[in-house]
Amino acid sequence: MFNGGRRSYPILGGRLHFVKFETEKLNECLDFISSKQLHRGGVDSPSWRSGAQPDDIVIKATGGGAYKYADLFKERLGVSLEKEDEMDCLVAGANFLLKAIRHEAFTHMDGHKEYVQIDQNDLFPFLLVNVGSGVSIIKVDGHGKFQRVSGTNVGGGTYWGLGRLMTKCKSFDELLELSQRGDNSTIDMLVGDIYGGLDYSKIGLSASTIASSFGKTISENKELSDYRPEDISLSLLRMISYNIGQISYLNALRYGLKRIFFGGFFIRGHAYTMDTISFAVNFWSKGEAQAMFLRHEGFLGALGAFMSYEKHGLDDLRVHHLVERFPMGAPYVGGKIHGPPLGDLNAKISWMEKFVQKGTQIIAPVPMGVPATTGMGGFERPTSKGDILRSDASAALNVGVLHLVPTLDVFPLLEDPKTYEPNTIDLDQDEFKYWFKILSDHLPDLVDMAVASEGGTDDAKRRGDAFAHAFSAHLARLMEEPAAYGKFGLADLLELREECLREFQFVDAYISIKQRENEASLAVLPDLLMELDSMNEESRLLALIEGVLAANIFDWGSRACVELYHKGTIIEIYRMSRKKMQRPWRIDDFDMFKKRMLSDRKDQPYKRALLFVDNSGADVVLGMLPLARELLRHGTEVVLVANSLPALNDVTANELPQIIAEASKHCGILRKAAEAGGLLVDAMAGIQDDLKDAPESVPLMVVENGCGSPCIDFRQVSSELAAAAKDADLLILEGMGRALHTNLNARFKCDALKLAMVKNQRLAEKLFNGNIYDCICKFEPVS
């Protein structure tokens, strides 16, 4: 039950990491497990530190290897493999991913990847095609309800086996890489070869359609060595992919299914493989059926085996319990991933220093900066795809770390969670280029700020450089393929930046600035409150909304606003901003809000208001606190909602009580409300108690929102906020990140007021055909 209490940090339920090893490198895999002591809980686990050794360690495993290598695991690691049925695990893993990961499934046609949002109530039945050495085709009717309906022995093993014989390739990935440089028309007999370069349009076959795989070699007097390995690889890939696509569609047709999911090591995120399978399904179904792929497709069986531990209770997981992150800290060498994210901070920093060093075999997206400098040093934007960070040289398979956060919930006041989309603007290629420049330009200042927040030590400078290179590498990867990490919006991009900062242990880059701005703003708050109290109710409400909009100008995430700091003090800028408030604003629903507040609800005020605050300093102290005070004056409970973790100069839930305590020294309304909300216990000791006989006040409370980003995704908020929303009938979203970048179009079950000053010219033009510093006052009553 919500009682106004707060946690100091979000509780994490664990992390799922995804690492692959080829069977032929099993000994390396066992060495890796042993070095990290993963079979004993990891080198940081209490049992490992204490030296306690369990008598028998049991690990779930599935597939043929669980039987074939059981003795080896026992001999090398002292581990017993508890074998789980391969098909059960495969289906359980697929169901789990489709249920729990929002952007798990995607289509892939003509090199274009598009993520598909699947309604959980319309997931079953579907066809699951697992393409391993051979192919299994499974009809899935529900959780634990499935049957293998078909298959073929022509699969990934066929491609690899024939390819190895004909091309002398040393690995599956090498064979796939060859196919990308191939021309199959030198080997395959095409329709055009039969019809003199013409289409066979009567039956819908183009001249480029393959009539016979490897058919052209029949009539040519050539040896195997006369054909290019690249052409052989591509011809093989097309032959097997088209065959798999056709057989899959025929089975889908047999059972009346329109949705087909493909997975297995044969696909491994390889664009051309997915394109050929998609082409075959589309061709034979005449566009009626759709081939879809899974981002974690190589781990279906492993996930299913993991879920077989009954104590996990993973069958009840919901999409909002899992948050996906893309940490920088895995050893990417020569374009391939060689292990999981490095847990040791020094190892991460050392790796990033090697990552950007010239003259090594490491693919470097940016040149090496000058040692012990802050900022980007010698940063240059990547110019060629060969210099882009990749996790797999051939497949571009990017799999993040899934954080299980059981304290996250869907915000209960969303009108329709199924159709809710937080991002106002999708990040297409052009949009991402724009934000790439914005974030890149801002990066040196951010690094300097982060290093200064840690005292400017040599260690902080080293971590700052590592952070800059890591985030730049992520940007470079996304520049190459915006969909590499799932469906990515601006909110996700900004969150990625904050995650990179935390990964290199920068707790709060703007802490000094926030403290300074809070002190300056609190110093002038008493005069502002006296001025507001001298107004009549109608004038005061307008002044309060103007104050919120004017104070929202203070945003260190905006280049234009940072430049203002060089032109005057915080208070001078705030007053200038107030004077320039000219109505009508770009969106101006103030009169509607005023009627709701002062007429419609005069006798029955709002019961509880949730105020989502934005920046520290003037924004929260001179803008949102006076508005909260006015609602309290009307008898409305107020819950201030702030970030769980720092992001830029945003105020956090941990910082708000002290700000409120200082503000309460000069305001009886805030003081009584804060006491009622449990925010002031001993904080006001020593202050003259002149309010003993004052009537009981409605409470002023603080809750964390569950995130650490300038934006907010209402599908993933803290359980504390979800509980606080239970009786709320007014929602106020303040700030560009929470009310414009995200949630501008979101609809809620209660009245909603969205307030923000536009501090980005491109956003102003795209959303409103407006200008920088335009004001938004958007009120959306429920009835």
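Residues numbered from 1 in each chain as written. Predicted model: local features only at pLDDT ≥ 70, side-chain atom pairs only at ≥ 80, totals over all residues. Heavy atoms only, no water.

The criterion, for reference: UniProt positions are given in the numbering used here, feature names are shortened, and annotations may be inferred rather than shown by experiment.
Taking an unreviewed UniProt entry as the reference, the chain is identified by name as Pantothenate kinase 2 belonging to Urochloa decumbens. In its Pathway (unreviewed entry) section, UniProt records this for the chain: "Cofactor biosynthesis; coenzyme A biosynthesis; CoA from (R)-pantothenate: step 1/5."

Remarks on the overall build of the chain
Filter applied, for reference: Where helices and strands are cited, they refer to DSSP runs of H or I of at least four residues and of E of at least two residues respectively, numbered from the N terminus. Exposure categories follow from relative accessible area, calculated using a 1.4 Å probe and restricted to protein chains: below 20% of the type maximum is buried, above 50% is exposed, and the middle band is partly exposed.
On a plain count of helices and strands, the chain comes out with 26 helices and 25 strands. With 783 residues in all, the chain has 55% of them scored as buried.

What about the pattern of salt bridges?
Filter applied, for reference: Should a side-chain nitrogen of Lys or Arg be within 4 Å of a carboxyl oxygen of Asp or Glu, the pair is scored as a salt bridge.
As enumerated under the stated definition, the model contains 39 salt bridges in all. Of the charged contacts, one joins R747 and E780 as a salt bridge, the two residues approaching to 3.6 Å between their closest N and O atoms. In this pair, R747 sits in the loop between α25 (736–741) and β24 (751–757) while E780 sits in strand β25 (residues 775–780), placing the two residues 33 residues apart along the sequence. By relative accessible area, which is 40% here, R747 ends up partly exposed. Through salt bridges with shared partners, one network takes in D533, R540, R629, E630 and R633.

Quick word on helix α15 (residues 490–503)
The cut-off we apply is this: By this rule, a helix spans an expected 1.5 Å times one less than how many residues it contains.
Along its 14 residues, α15 runs 20 Å from first to last C-alpha, staying within 8% of the 20 Å computed at 1.5 Å per residue. Burial analysis of α15 places eleven of its 14 residues in the buried class, the great majority of the element. A positive phi of about 60 degrees marks Q505, the residue just after α15.

Observations concerning the sheet that holds strand β6 (residues 126–131)
Selection rule: Note on pairing: two strands pair once DSSP finds at least 2 bridges between them. For helices, the axis comes from a line fit to the C-alpha atoms of the stretch in contact; other axes are also lines fit to C-alpha atoms, and the angle between any two N-to-C directions lies between 0 and 180 degrees. Here a residue-residue contact requires only that any non-hydrogen atoms of the pair lie within 4.5 Å.
As summarised here, the arrangement of the seven strands in space is β5-β4-β12-β11-β6-β7-β8, forming an open sheet in which the pairing is mixed. One side of each edge strand has no neighbouring strand; the edge strands of this open sheet are β5 (112–115) and β8 (145–152). Between one strand axis and the next, the sheet turns through 30 degrees on average, direction left out of account. Inspection of the sheet shows strand β7 (residues 135–142) paired to β8 by seven bridges, in the antiparallel sense. Paired with K139 across the bridge in β8 is Q147. Here helix α10 (residues 271–285) sits on the sheet and contacts β4 (105–109), β11 (259–263) and β12 (290–294); the angle it forms with β4, its principal contact strand, is near 85 degrees.

Observations concerning the state of the cysteines
Put simply, the test is: Cysteine sulfur atoms are paired as a disulfide whenever they come within 2.5 Å of each other.
The tally for this structure, following the rule as stated, stands at zero disulfides. In this model C707 remains outside any disulfide bridge; the closest cysteine sulfur is found in C711, 8.6 Å from its own. Of the residues examined, C707 reaches a relative accessible area of 14% and is grouped as buried.

A look at the packing of aromatic side chains
This is how the line gets drawn: Any Phe, Tyr or Trp ring, taking Trp's six-membered ring, that has another such ring centre within 6.5 Å forms a pair; planes under 30 degrees apart are called stacked, those over 60 apart edge-to-face, and the others tilted.
Taken as a whole, this structure holds 21 aromatic pairs when the rule is applied. Ring centres of F279 and F283 lie 6.0 Å apart, and the angle between their planes is 20 degrees; this geometry places the pair in the stacked category. Linking F279 with F283, this pair stays in helix α10, spanning four residues, or about one helical turn. Using a relative accessible area of 30% as the deciding quantity, one classes F283 as partly exposed. With 5.5 Å between their ring centres and 80 degrees between their planes, F612 and F714 make a pair best called edge-to-face. With F612 in strand β19 (residues 608–612) and F714 in the loop between β21 (700–704) and β22 (717–718), this pair connects stretches of sequence that are 102 residues apart.

Examining helix α11 (residues 300–307)
Within α11, six of the eight residues are buried, which leaves it mostly tucked inside the rest of the structure. Among the residues making up α11, those that are buried are L300, G301, L303, G304, A305 and M307. Those residues of α11 that are buried lie in contact with β1 (14–16), β2 (57–62), α5 (86–100), β6 and β12.

Description of the pairing of β5
Alternating residues of β5 divide into K113 and Y115, all buried, and H112 and E114, none buried. Looking at chain direction, β4 and β5 are connected through four bridges and run antiparallel. By the bridge assignment for β5, T107 is matched with E114.

Concerning the nonpolar core
Rule in force here: Nine residue types can take part in a nonpolar core, namely buried Ala, Val, Leu, Ile, Met, Phe, Trp, Tyr and Cys, and a core is a set of them joined through side-chain atoms within 4.5 Å.
Counting 66 residues, the largest nonpolar core has I545, L611, L622, L640, L700, I732 and L755 as the members making the most contacts within it. In terms of residues, this core owes the most to one element, helix α21 (residues 618–633), which gives ten residues. For L755, the residues in contact, after removing those within four places along its chain, are I545, V548, L549, L627, I732, L733, E734, G735, A739, I776 and C777. Core analysis: the second largest hydrophobic core is formed by 40 residues, W435, A484, Y485 and F506 among them.

Notes on the packing of helix α16 (residues 511–533) against helix α19 (residues 570–579)
Two packed helices can be described by the angle between their axes and the distance between those axes. Stated precisely, the cut-off is as follows: Here the word oblique covers every angle except those under 35 degrees (roughly parallel), over 145 (roughly antiparallel) and from 65 to 115 (roughly perpendicular). When residue character is reported, Ala, Val, Leu, Ile, Met, Phe, Trp, Tyr, Cys and Pro are called nonpolar, Asp, Glu, Lys and Arg charged, and the others, Gly included, polar.
With their axes 10 Å apart at the nearest point, α16 and α19 run at an angle of 55 degrees to one another. When the axes of α16 and α19 are compared, the pair comes out oblique. Between α16 and α19, the contacting residues are E517, A520, S521, V524 and L528 on the first element and I570, I571, Y574 and R578 on the second. Classifying every residue of the contact of α16 with α19 by side-chain character gives six nonpolar, one polar and two charged.

Some points on the sheet that holds β19
Spatially, seven strands are ordered β18-β25-β24-β23-β19-β20-β21 in an open sheet, and the strand pairing comes out mixed. Looking along the sheet, the strands with just one partner apiece sit at the ends: β18 (587–588) and β21. Sheet topology note: the β19/strand β20 (residues 637–642) ladder contains five bridges and is parallel. Bridge pairing in β20 links L610 to V639.

Re the packing of helix α17 (residues 537–551) against α21
To be explicit about the condition: When the near helix sits turned anticlockwise from the far one by under a right angle, the crossing is termed left-handed; a clockwise turn instead gives a right-handed crossing.
Between α17 and α21, the least distance of the axes is 8 Å, while the angle of their chain directions is 150 degrees. In terms of orientation, α17 lies roughly antiparallel with respect to α21. Classified by chirality, the crossing of α21 by α17 is left-handed. The residues of α21 that touch α17, namely those facing E537, R540, L544, I545, G547, V548 and A551, are A618, D619, G623, M624, P626, L627, E630 and R633. Here the residues of the contact of α17 with α21 sort into eight nonpolar, two polar and five charged.

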